[in-house]
Amino acid sequence: MRLALQMMAIVFVRTGELIPAQWSEFDRREKLWSIPAERMKMRRPHVVPLSRQLLAVLDELWERRRNDVWVFPGERSCPYMNKNSMLGALKRMGYKGEMTGHGFRGLASTVLNEMGYARAHIEIQLAHAPKNEVEAAYNKALYLPQRRIMMQGWADFLDEIRNSGRRGNPRTGVKQLIATHSRALQPTA
């Protein structure tokens, strides 16, 4: 469960996209995860750039695998882990009412926007449909090079938070880290 939550934090996909992940969807050489359309809310395939940290999580999951199909194999009759397992784990960790699987998406969106990453790149990473019908019809860009940079920056940011060892209010530490990263993204004169 720890690795499922870690993966959710790093890639911030929907729980229903993560839990039934299959090993065949991951291209380690290209560092991409291709989620099939039938598992996506908008019924369009989705490509997720993989950071170094996510590749390390996948390595650990591969070493612990119980079969060669499902990344998160299930117990008993379900072929993959139950969606409620992650919510239960968050509850056991003391985050009941504070965090959900979907909460990772909101957190990532908020922080990445505050850090100064392009909204279009964040929205595509979240697999949100464009609000403008004309844009949806004409713009098919995936922004993979930019999203690779963003996703590595996000994973590095999460590492920084975990490794900071800050005491006191964690929100203060996160705000300080966001401010530091935001300044780093600003163009220099």
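Residues numbered from 1 in each chain as written. Predicted model: local features only at pLDDT ≥ 70, side-chain atom pairs only at ≥ 80, totals over all residues. Heavy atoms only, no water.

1. A look at the overall build of the chain
What counts here: Think of it this way: any DSSP run of H or I at least four residues long counts as a helix, any run of E at least two long counts as a strand, and we number them from the N terminus. Calculation of accessible area relied on Shrake-Rupley with a 1.4 Å probe; when residues are assessed, cover is drawn exclusively from the protein chains displayed.
Per the secondary structure count, the chain includes nine helices and three strands. The linear arrangement of helices and strands in the chain, starting from the amino end, is α-α-β-β-β-α-α-α-α-α-α-α. As presented, the chain carries roughly 11400 Å² of accessible surface, and 53% of it is formed by carbon and sulfur atoms.

2. Topic: the pattern of salt bridges
Using the following cut-off: Each reported salt bridge corresponds to a side-chain nitrogen of Lys or Arg within 4 Å of a carboxyl oxygen of Asp or Glu. Burial status follows relative accessibility: with a 1.4 Å probe on protein chains alone, a residue under 20% of its type maximum counts as buried, one over 50% as exposed, and anything between as partly exposed.
Applying the stated criterion across every chain yields a total of nine salt bridges. Linking Glu-60 and Arg-64 is a salt bridge whose minimum nitrogen-to-oxygen distance equals 2.9 Å. Taken together, the residues Glu-60 and Arg-64, both in helix α3 (residues 52-64) and four residues apart, mark about one turn of the helix. Residue Arg-64 is classed as exposed on the basis of its relative accessible area of 54%.

3. A short note on α3
To keep things clear, this is the line we draw: To estimate the expected span of a helix, subtract one from its residue number and multiply by 1.5 Å. Working rule for contacts: check all heavy atoms of both residues, and any pair within 4.5 Å makes them a contact.
With 13 residues, α3 extends 19 Å from end C-alpha to end C-alpha; this agrees with the ideal 18 Å at 1.5 Å per step. Within α3, the full set of buried residues consists of Gln-53, Leu-54, Leu-55, Val-57, Leu-58 and Leu-61. Looking at the buried side of α3, the elements it contacts are α1 (2-11), β1 (26-27) and α8 (144-164).

4. Considerations on the nonpolar core
The line we're drawing: Put simply, buried Ala, Val, Leu, Ile, Met, Phe, Trp, Tyr and Cys residues joined by side-chain atoms within 4.5 Å make one nonpolar core.
In terms of nonpolar packing, the biggest core is built from 46 residues, with Met-7, Val-11, Trp-33, Leu-61 and Leu-112 touching the most fellow members. Of all the secondary structure elements, the ones that give two or more residues to this core are α1, β2 (32-35), α3, α4 (84-92), α5 (103-115) and α8. For this core, the element with the most residues is α1, which contributes eight residues. Other than its neighbours up to four places away in sequence, Leu-61 contacts Leu-3, Met-7, Trp-23, Val-71 and Phe-72.

5. Examining the packing of α1 against α4
To keep it simple, the criterion reads: To obtain each axis, a line is fitted to C-alpha atoms, and for helices this fit is confined to the stretch in contact; angles are then taken between N-to-C directions over 0 to 180 degrees. With respect to orientation, any angle under 35 degrees is reported as roughly parallel, any angle over 145 as roughly antiparallel, any angle of 65 to 115 as roughly perpendicular, and every other angle as oblique. Put simply, Ala, Val, Leu, Ile, Met, Phe, Trp, Tyr, Cys and Pro go in the nonpolar bin, Asp, Glu, Lys and Arg in the charged bin, and everything else, Gly too, in the polar bin.
The interhelical angle for the contact between α1 and α4, taken along N-to-C directions, is 95 degrees, at an axis separation of 10 Å. Taken together, the axis directions place α1 and α4 in an arrangement best described as roughly perpendicular. Contact with α1, carried on its side by Ala-4, Leu-5 and Met-8, involves Met-86, Ala-89 and Leu-90 of α4 and no other residues of that element. Of the residues assigned to the contact of α1 with α4, the class counts are six nonpolar, no polar and no charged.

6. Observations concerning the confidence of the model for the chain
For clarity, the threshold we go by: pLDDT measures how confident the predictor is about each residue, on a scale from 0 to 100.
Looking at the chain, the pLDDT average stands at 83 and 80% of residues meet or exceed 70. No element of the chain has a lower mean pLDDT than helix α7 (residues 133-138), at 51, and none a higher one than β1, at 96.

7. With respect to α1
Burial analysis of α1 places eight of its 10 residues in the buried class, which makes it a mostly covered element. Listed as buried for α1 are Leu-3, Ala-4, Leu-5, Met-7, Met-8, Ala-9, Ile-10 and Val-11. Of the residues trailing α1, Phe-12 is marked for its positive phi of about 40 degrees.

8. Comments concerning the sheet that holds β2
Heads up, the rule is: Here, strands pair whenever DSSP counts at least two bridges between them.
Strand order in this open sheet of three strands is β1-β2-β3, and the pairing throughout is antiparallel. The open sheet has two free edges, formed respectively by β1 and β3 (46-49), since each of these has just one partner strand. Each of β2 and β3 touches α8; the most contacted strand, β3, lies at about 50 degrees to it.

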